Each structure stands twice: as structure tokens, then as C-alpha cells.
Amino acid sequence: MINKSIPYIKRRGEVFQYVRRIPADIVNDSSIFEIFFGSKPVFRRSLRTKSPNEAQINSLAIEREFDLLINQARQQITKPSSLVSAAVSLSQNGALDALVISKFVEDRLQIQRLSWQRDFAWSAINILNKQALDAKIERRAEQRSILRKRSADSAYDPLSDKEAWSPVQIARDFIGDNRFGTDETSMEFAALVRAIVDQEAKLDDLINQMIKGDAVPEMPSSGMWAKKSELPNDEEATPLFSKVVKQFEGISSLRPRTIKKYRRAQSEFINVVGDKPIGAISKSDITKFMDEISKRRITRGKELLQITQGTLQSYKVGVSAPLEFAIDRDIIEGPNPCGGIKPARWCVEVDKLKIPAKRPFSISELQRVFAHPWFAGVRSKSRCYDEGKLLLNDMRYWAPVVAAHTGMRAGELAGLEVSDVKLEDKFPHIHLVPNKFRGTKNGEGRYIPILDVLIELGFDKYLTGLSKRGETRLFPDWEYPGDDSLEAEIGDEWANTKWIRAFNRSVIGKTFKEDFRDLYRSPISFHSFRGSFKTLLTQAHPGLLTNSVIGHYQDALDRAYLSKQTPAELYPAFHDLRYPDLKIPCRRHLV
């Protein structure tokens, strides 16, 4: 049994923990509470044992750690009420005047200076104090940055500030606490806010001097710190973030594409905050990471656009996932430091009308796409964006044409083999199946009827040429850029190749430059061929047959039925379909 003289030992599963509530006087001082205990009302440390006797022994050191933290926190709690009262006592007839304002900001600066000096002095004692100081510096830097951005905004209204740390709110609190009754639109209120702004600037100078070592901090007088520095640090004993990431990847069932996104975020996180023990990662580290990522810009033509909330959220999730994994595995204690981090704080919400959803091409848009030099004629193979008489007969022509008449995804097209195209069959079709170049969605195959219009354009002659050259893939010049260890189930890496980007940015980008000038992104891309083809099929046979060709299954029953559709059923239903009024330059006459 556990000795009743140490009542703070609890079980979590099979392992014992030391659990204490934080005293109310510290909880009531929000800044000290956050610095020392991360605003967590319960202090919790794993005793790393299943044995009650060992738990009792191990708890003694943790109990000393807790007592020292409490003492340190209480020494930093300042009570400015006496200084504020001194300022108020100077008031003539209870009015807010220049003398009261001057005394208030002087006393406030003195209180804050002493607090910061002690923080810097204690930071040299051990890593826990250093982390607390780093968090305080980062928090202040973030607050000052927010105020600077607001001041630079011509539409900014200072009276809208509600944060406790903003000069306007500090002024409100001072006036309210001392019942001055000063109107916020008065000159006296403006003078108080101005004085607080100036006082905060002076404090920034003092903090910068301390960071550079130009200012001497006030040394702590207690002799307990030597003992504190020798105590074991539970957070520092946890594995590095990078090692937990590898464990997380090893047991997760995430898609390779998702793992790749996570790796990008995790690599950037390590670049920004370092490869820390996972238990030492704090909310301030997450904030610092978000600060850094949010500064990045994306290029749209000659414009630099702010990173979107969605992209910032994906970075956050990539870091949060291994942290959550560590909490679930009892590697660290919760809560997750990513909790409560909202990308909206870093990004201005973009007008959704300027980020339209992706959609199919209209017929008129298809006409304009296939009037581009890639299809109508280029000046030379190297000058393929200039009009000319040379007709391209490679993937730049055939991949878009085949996509528009089969509805296949970019990844499906890129890995298609010559042997998958069954032109000699009674019902000509493409048999889309997983192969060594890429998988298929859910590992399933499907049949796609070959439309008559493809043969009219010369697709059979293109295929014959590939066979004579001994090519394996239908588009051998579509180079694979990805990492084989992360090959996605439907070939996501294929969809981000140089030529696909060229199609989206140059063929579509230049063709529709004026149409989408005011948008942050184009609503059409290479993938829009898939939507256009489905629209074409739906007009002829809405429902199950169309879904079978496209590969859109609603449920297990739907999948079981549609996967049994054969070329003999699909080809007669669709082979003679064609886009109305669409003329694509032909390649049938080319040798």
C-alpha cells in the first residue's frame, strides 16, 4: 500500500503519478500561472514505475521540485496596488491629471523592470527557469508585433482593443479600478494611453539590454537554487521530437500523401525551434513556429500573397499529430501544446469569392484550351508557347486530349502502360489497374471505353508508334519526380510534375489570364478535364454506368455492382459521345 504521509500519488493505468493542485494565489496571477505552470491547474509528473514502494521513493524528489516551483512563483508575484494607491493619492479632487499619470507609469515601469531582472537572473539557474523566460520573451514579442501591425492599419480603431496587455485596456483597468470616471474619448484618457505606450517602449529597451547582457539583473537571494538545479527534469528525459515522429509514422495508417505533408511540417518545426525533447515542447514553441510560417508568401504572377489559413492549419496538424501520439502513449502528459492555437490569429481571412472551388471546363473554355499552340502548332519544340506550324505529337498534346476523353486522374494517366490500352478488343477500352508505376484509388481497377473521337484524332497511330519504339508507358516523356518510398496510391507525385505545372500555369494561366485576373487562384486546372468528361457521360447515361467509368462509388453496395461492369456493357453506351462544337486539331495524318 502507498504511505498515507504522501497523499499525492495516483495511478494512471498501471503507472503511478505525482499529482498536485496549484494554489489559488498563483492561479489568480494569470501571468505567473502561465509562466510556471502553463496555465494548467494541476501539476502532474509520471513516477515511471508500477511499484507502489518505488513510487513513494520517486515522489520525494518530485515533491521538492513542486515546492521549489511554488516558492519561485510566489517570489515573482508582484502586488502593485500600493504603488497605484500612491499615484491615486496625488490626485487633486479625484481627477485624472498629469501628476497621477506620471506617477502611475513610473511605478509600473519600476515593477516590471524588477520582475524582468529577476527572470533573467533566475534563468541562469536551470533549464526550467530558462524556458519560462523564453516563453515570456516570445509572448511579449508577439504582443508588440500585434500592436505594430494594428497601428499600421489605417482602419484601426485603438478603442476596439480588449486584450489585457494592450495600452488601451491597461488604461481602462486603471481608470475603472480607481473610479476616475474618465471618458474614453477625452484628452485625459488619450494622455494616459500615450504615457503607457511610452512606458512600454522604455521597458522594451530595458529588456533588449538584458538580452544583450548590457543590463545587470537582480540576483536571487535564496540558497535553494543550487539544490533545484540538481533535481531530475522529467521533460528533458523524454525522447526527441524527431524520434517520436518516426515512431508515429511506423504505426500510423496515414496515406503516403498525408505523411509527406506531415514530414514537411515536422522538418520546418525542427528548423524553427530545434529538435527538442518532446516533453519540453511548449505552447510558445508552437506560437514561434506559426509566426515563422505565417511570414511566408506565395507567388501569383508578380503578386506576393499571404499564406492561407488552410495551409497554416496543415502545418499545425503535422506537428500536433506526433504530440497527440506521445500523449496517447503516455510518453508525455497532456494537454497538447497545439491546443487552442488558431491559424486565424496569424492570417487575414481571404475573400472566399477570390478562391473559387475547382470546377469542370465549359465547352467554350475547352475550345480555348485546344486552340493553344500545344495543339494548334508551335514555333519549335523549345519554343512551344509561340504559335507556329510544328505540330507536337508527344504527351503535351496527347495527355490533355486523353484526359478530356477518359476522365482519368493525372496520376492514373501518367502510370498507364501501353498494354493497358485494348484497341484490338471487340469493345475497345482501357483497363485501368494498379501497376509498378502507380497504384489506383483503393487498389481497384475499372474499364474505360475508348471514344470514337480519340481514334479520329489519331490515338491508334500514336499507340502504334510507341509499340514500335518498344515503349512501356503510354507517356514515356512524363518523368516521375517523386520519392519511391512515398509512392501514393493514385500517383499523387505524378500530378505535380514540371509539365503539369507548365500546363496549369502557362497553358491555362496565360489563356485565361484576363478571365481570372482578380482571383487568387484559377477555378480550372488539368484536373478539370475529369469533371468535364463526367458531365459529358452524365448527359448520356446519368447514374451508375457513368460512376463505373469515372470510378466514383457511393458505398460498398455501389462498388460491388459497378466493379462488375464490363467493356461489353460500357462501350456501346458511350463510344460515340463527343463534346458539342469542340474541334481539336488532328494528328491522324502524322507518321
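Since we're looking at a predicted model, the values are computed, not measured.

> Run through the overall build of the protein, naming residues and quoting values.
Each helix and strand counted, the protein has 24 helices and 8 strands in total. In the protein, buried positions account for 45% of the 591 residues. Within the protein, contacts between residues separated by at least 24 positions form 66% of all contacts whose residues are at least 6 apart in sequence. Surface accessibility of the protein: about 30,600 Å² in total, with carbon and sulfur atoms responsible for 52%.

> Can you explain the pattern of salt bridges? Please cite residues and give values.
Enumeration according to the criterion identifies 23 salt bridges in this entry. One salt bridge connects Glu200 with Arg140, and the closest N-O pair in it is separated by 2.5 Å. You can see Glu200 sitting in helix H8 (residues 187–212) and its partner Arg140 sitting in helix H6 (residues 127–151), a full 60 residues away along the chain. The exposure classification of Glu200 matches that of Arg140, with both residues buried. Its salt-bridge partner being Arg588, residue Asp460 comes within 2.5 Å of it at the nearest N-O pair. With Asp460 in helix H19 (residues 459–468) and Arg588 in the segment after helix H24 (567–574), the pair connects residues that are 128 residues apart, well separated along the chain. Beyond isolated ion pairs, a larger network of salt bridges with shared partners links Arg108, Arg140, Glu200 and Asp204.

> Which residues make up the confidence of the model for the protein, and what values go with them?
Looking at the protein as a whole, the pLDDT averages 80, with 82% of positions reaching at least 70. Segment residues 218–235 is flagged for pLDDT under 50; beyond a separation of four residues in sequence, or across chains, it makes 35 contacts in the model. Within the model, the stretch residues 483–490 combines pLDDT values under 50 with 27 contacts to residues more than four positions away or in other chains.

> Tell me what's going on with the side chain of Asp285, and back it up with residues and numbers.
The residue Asp285 is located in helix H12 (residues 283–294) in this model. A residue is classified by how much of its surface remains accessible, and Asp285, at 3% relative accessible area, is buried. A polar contact is formed between the side chain of Asp285 and the side chain of Lys276, at a distance of 2.8 Å. For Asp285, the contacting residues outside a window of four places in its chain are Glu138, Phe269, Val273, Lys276 and Ala280.

> Lay out H24 with the relevant residues and their values.
Taken together, the buried positions of H24 are occupied by Pro567, Leu570, Tyr571, Ala573 and Phe574. Each buried residue of H24 sits inside an arc of 170 degrees when the element is viewed along its axis, so together they form one side.

> Would you mind going over the packing of aromatic side chains in detail, with residue names and values included?
Tallied over the entire structure, the rule returns 31 aromatic pairs. Measuring from centroid to centroid gives 5.8 Å for Phe375 and Tyr397, while their planes differ by 55 degrees, and the two rings are tilted. Pair noted here: Phe375 is in helix H15 (residues 373–376) and Tyr397 is in helix H16 (residues 395–406), with a separation of 22 residues, a long-range link. One exposure class covers both Phe375 and Tyr397, and it is buried. Centroid distance Phe503 to Phe526: 5.5 Å. Interplanar angle 85 degrees. Geometry classified as edge-to-face. Residue Phe503 is located in helix H20 (residues 498–511), and its partner Phe526 is located in the loop between H20 and helix H21 (528–540); the two are separated by 23 residues in the primary sequence. For Phe503, a relative accessible area of 0% translates into the label buried. The aromatic ring of Tyr8 is capped on one face by Arg20, whose charged end is 3.9 Å from the ring centroid. The side chain of Arg473 reaches across the aromatic face of Phe437, ending 5.7 Å from its centre.

> I'd like a description of the sheet that holds strand S7 (residues 429–432), backed by residues and values.
Taking strand neighbours across the sheet as the criterion, the 3 strands line up as S6-S7-S8 in an open arrangement whose pairing is antiparallel. Looking at the sheet topology across the chains shown, the edges are occupied by strand S6 (421–422) and strand S8 (446–449). Bridge count between S6 and S7: 2 bridges; the pairing is antiparallel. Within S7, the position partnered with Lys422 by the bridge is His429. Packed on one face of the sheet, H24 meets S7 and S8 and runs near 30 degrees to S8.

> An account of the sheet that holds strand S2 (residues 15–21) is requested, with residue identities and associated values reported.
Pairing within the open sheet is antiparallel, and its 3 strands lie in the order S1-S2-S3. Strands with a single pairing partner mark the edges of an open sheet, and in this sheet they are strand S1 (9–12) and strand S3 (42–46). Sheet twist, expressed as the average angle between the axes of neighbouring strands with direction ignored, equals 35 degrees. As paired elements, S1 and S2 share 4 bridges and run antiparallel to each other. The residue bridging Arg12 from the neighbouring strand is Val15, located in S2. In this fold helix H3 (residues 52–76) packs onto S1, S2 and S3, with an angle of close to 30 degrees to the strand it touches most, S2.

> Go over H3, please, and point to the residues and values.
Here H3 spans 36 Å end to end across 25 residues, near enough to the 36 Å set by a 1.5 Å rise per residue. Looking at H3, one finds that the buried residues are Ala55, Ser59, Ala61, Ile62, Glu65, Phe66, Leu68, Leu69, Ile70, Gln72, Ala73 and Gln76.

> Talk me through the packing of H3 against helix H5 (residues 98–123); I want residue IDs and the actual numbers.
Axes are the key here: two packed helices are described by the angle between their axes and the distance separating the axes. In contact at an axis separation of 10 Å, H3 and H5 are set at 150 degrees when each is read in the N-to-C sense. Classified by the angle between their axes, H3 and H5 sit roughly antiparallel to one another. Contacts from Gln72, Gln75 and Gln76 of H3 reach H5 at Ser115, Arg118, Asp119 and Trp122.

> Just give me the short version of the nonpolar core, but keep the residues and values in it.
Formed by 65 residues in total, the largest nonpolar core has its most connected members in Trp374, Trp398, Phe475, Trp478 and Phe529. When residues in this core are grouped by element, the largest group, 8 residues, is from H16. Ignoring any residue separated from it by four or fewer positions in sequence, one finds Trp398 in contact with Asn393, Leu454, Leu457, Gly458, Phe459, Tyr462, Phe475 and Arg587. Counting residues in hydrophobic clusters, the runner-up holds 30 residues, among them Val244, Leu312, Ala321 and Ala326.

> Can you tell me about the pairing of S7, naming the residues and giving the values?
The antiparallel pairing of S6 with S7 creates a hairpin that spans 6 residues between the two strands. Examined bridge by bridge, S7 and S8 share 4 bridges and lie antiparallel to one another. By the bridge assignment, His431 is partnered in S8 with Tyr447.

> Please provide a residue-by-residue account of the environment of Thr182, values included.
Looking at where Thr182 falls in the secondary structure, it is placed in the loop between helix H7 (167–177) and H8. Once the C-alpha coordinates of Thr182 and Leu96 are considered, the two residues, 86 residues apart in sequence, prove to be 7.3 Å apart. Ignoring anything within four residues of it in the chain, the contact list for Thr182 reads Leu96, Ile175, Glu188 and Phe189.

About the cut-offs
Residues numbered from 1 in each chain as written. Predicted model: local features only at pLDDT ≥ 70, side-chain atom pairs only at ≥ 80, totals over all residues. Heavy atoms only, no water. Helix = DSSP H or I, 4+ residues; strand = E, 2+ residues; numbered from the N terminus. Buried < 20%, exposed > 50% of the residue type's maximum accessible area, 1.4 Å probe, protein only. Contact = heavy atoms within 4.5 Å. Areas by Shrake-Rupley, 256 points an atom, 1.4 Å probe, with all protein chains shown as cover. Salt bridge = Lys/Arg side-chain N within 4 Å of Asp/Glu carboxyl O. pLDDT = per-residue confidence, 0-100. Polar contact = N/O pair within 3.5 Å; in protein donor to acceptor, adjacent residues only side chain to side chain. Arc of directions from axis to C-beta. Phe/Tyr/Trp six-rings, centres within 6.5 Å; stacked < 30°, edge-to-face > 60°. Lys NZ or Arg CZ within 6 Å of the ring centre and 35° of its normal. Pairing = 2+ DSSP bridges. Axes fitted to C-alpha atoms, helices over the stretch in contact; angles between N-to-C directions. Expected span 1.5 Å × (residues − 1). Parallel < 35°, antiparallel > 145°, perpendicular 65-115°, else oblique. Core = buried A, V, L, I, M, F, W, Y, C linked by side-chain atoms within 4.5 Å.

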